[in-house]
Amino acid sequence: GGARAAATPSGGASNRVDNAVGQTSAKARTFTAPSGKHYVLAQEQYPTAEELCPELRQEVVTASDGDLLELLITHDHWAYGRRFKARDGAVNEGVFRLDWVQGVRLVLEGGQR
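In this text the structure is predicted, and so the values were computed from the model without any measurement.

Participant: So what exactly am I meant to see when it comes to the layout of surface pockets here?
Facilitator: Empty space among the atoms becomes apparent when a probe as large as a water molecule is rolled across them. Taken as a whole, the largest pocket spans an internal volume of roughly 200 Å³. In terms of lining residues, the largest pocket is bounded by 17 residues, among which Pro47, Thr48, Ala49, Thr62 and Ala63 are the most central. Classifying every residue of the lining of the largest pocket by side-chain character gives 9 nonpolar, 5 polar and 3 charged.

Written out as structure tokens, the structure is:
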């Protein structure tokens, strides 16, 4: 299932970093990078623009399974964020539902991902 609760950029949920290589605790829903940013991955159930009602097509971040999104803020089951890599012709910053994404675990070794 998708992430139902995620940390806010201010660190409202559990985002404890367990060790120096940057792995998050098993309870964390997002990864806090050394920069303090939080990331999630779009899952298979993330809707295409055509699957959204017309009123939301320009508001929901364009993403597909496996796309990395930066999580900026959450409210209830919704989040506001942006694509990690902007794409021409896409909604690069906007809203998405938390059940469309999954938290990311990132491992750093020697400063490399």
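Participant: How do you make sense of the pattern of salt bridges when you look at a structure like this?
Facilitator: A side chain of one charge can pair with a side chain of the opposite charge when the charged atoms of the two come close. For the structure on display, the rule yields 4 salt bridges. As a salt-bridge pair, Arg83 and Asp67 come within 3.1 Å of each other at their nearest N and O atoms. Highlighted residues: Arg83 in strand 4 (residues 78–83) and Asp67 in the loop between strand 2 (38–42) and strand 3 (68–75), separated in sequence by 16 residues. The pair formed by Arg83 and Asp67 is uniform in burial state, with each residue classed as buried. The residue Glu93 makes a salt bridge to Arg82 at a minimum N-O spacing of 3.8 Å. In this pair, Glu93 sits in strand 5 (residues 93–97) while Arg82 sits in strand 4, placing the two residues 11 residues apart along the sequence.

Participant: Where do I start with the environment of Arg83 in this structure?
Facilitator: Under the relative-accessibility criterion, Arg83 is labelled buried at 11%. Sequence separation of Arg83 and Val40 is 43 residues, and the distance between their C-alpha atoms is 9.9 Å. When neighbours within four sequence positions are excluded, Arg83 is seen to be in contact with Val61, Thr62, Ala63, Asp67, Leu68, Leu69, Val91 and Asn92. In terms of polar contacts, Arg83 uses its side chain to reach the backbone carbonyl oxygen of Thr62, at 2.8 Å.

About the thresholds
- Residues take numbers from 1 onward in each chain, read along the sequence in its written order.
- Where totals are concerned, whole chains, interfaces and linings use all residues; where local detail is concerned, this predicted model gives features only for residues with pLDDT of at least 70, and gives and counts side-chain atom pairs only at 80 or more.
- In computing side-chain values, all of the structure's heavy atoms are included and hydrogens and water are not.
- A cavity here means a set of 1 Å grid points, computed over protein atoms only, where a 1.4 Å probe fits but cannot escape. A pocket is an open set with protein on both sides within 12 Å along at least 5 of 7 lines, and lining residues have an atom within 4 Å of a point.
- Grid points are joined across faces, edges and corners, and a volume is the space filled by probe spheres set on the points.
- Lys, Arg, Asp and Glu make up the charged group, whereas Ala, Val, Leu, Ile, Met, Phe, Trp, Tyr, Cys and Pro make up the nonpolar group; the residues left over, Gly among them, are polar.
- Salt bridge, as used here, is a side-chain nitrogen of Lys or Arg placed within 4 Å of a carboxyl oxygen of Asp or Glu.
- Numbering of helices and strands starts at the N terminus; helices are DSSP runs of H or I of at least 4 residues and strands are runs of E of at least 2.
- When a residue's accessible area, from a 1.4 Å probe over protein chains only, is under 20% of the maximum for its type it is buried; when over 50% it is exposed; and in between it is partly exposed.
- By definition, residues are in contact when any of their heavy atoms lie within 4.5 Å.
- Identification of polar contacts relies on pairs of N or O atoms within 3.5 Å, with a donor-acceptor requirement for protein atoms, meaning one able to donate a hydrogen and the other able to accept it, and with residues adjacent in sequence counted only if both atoms are side-chain atoms.

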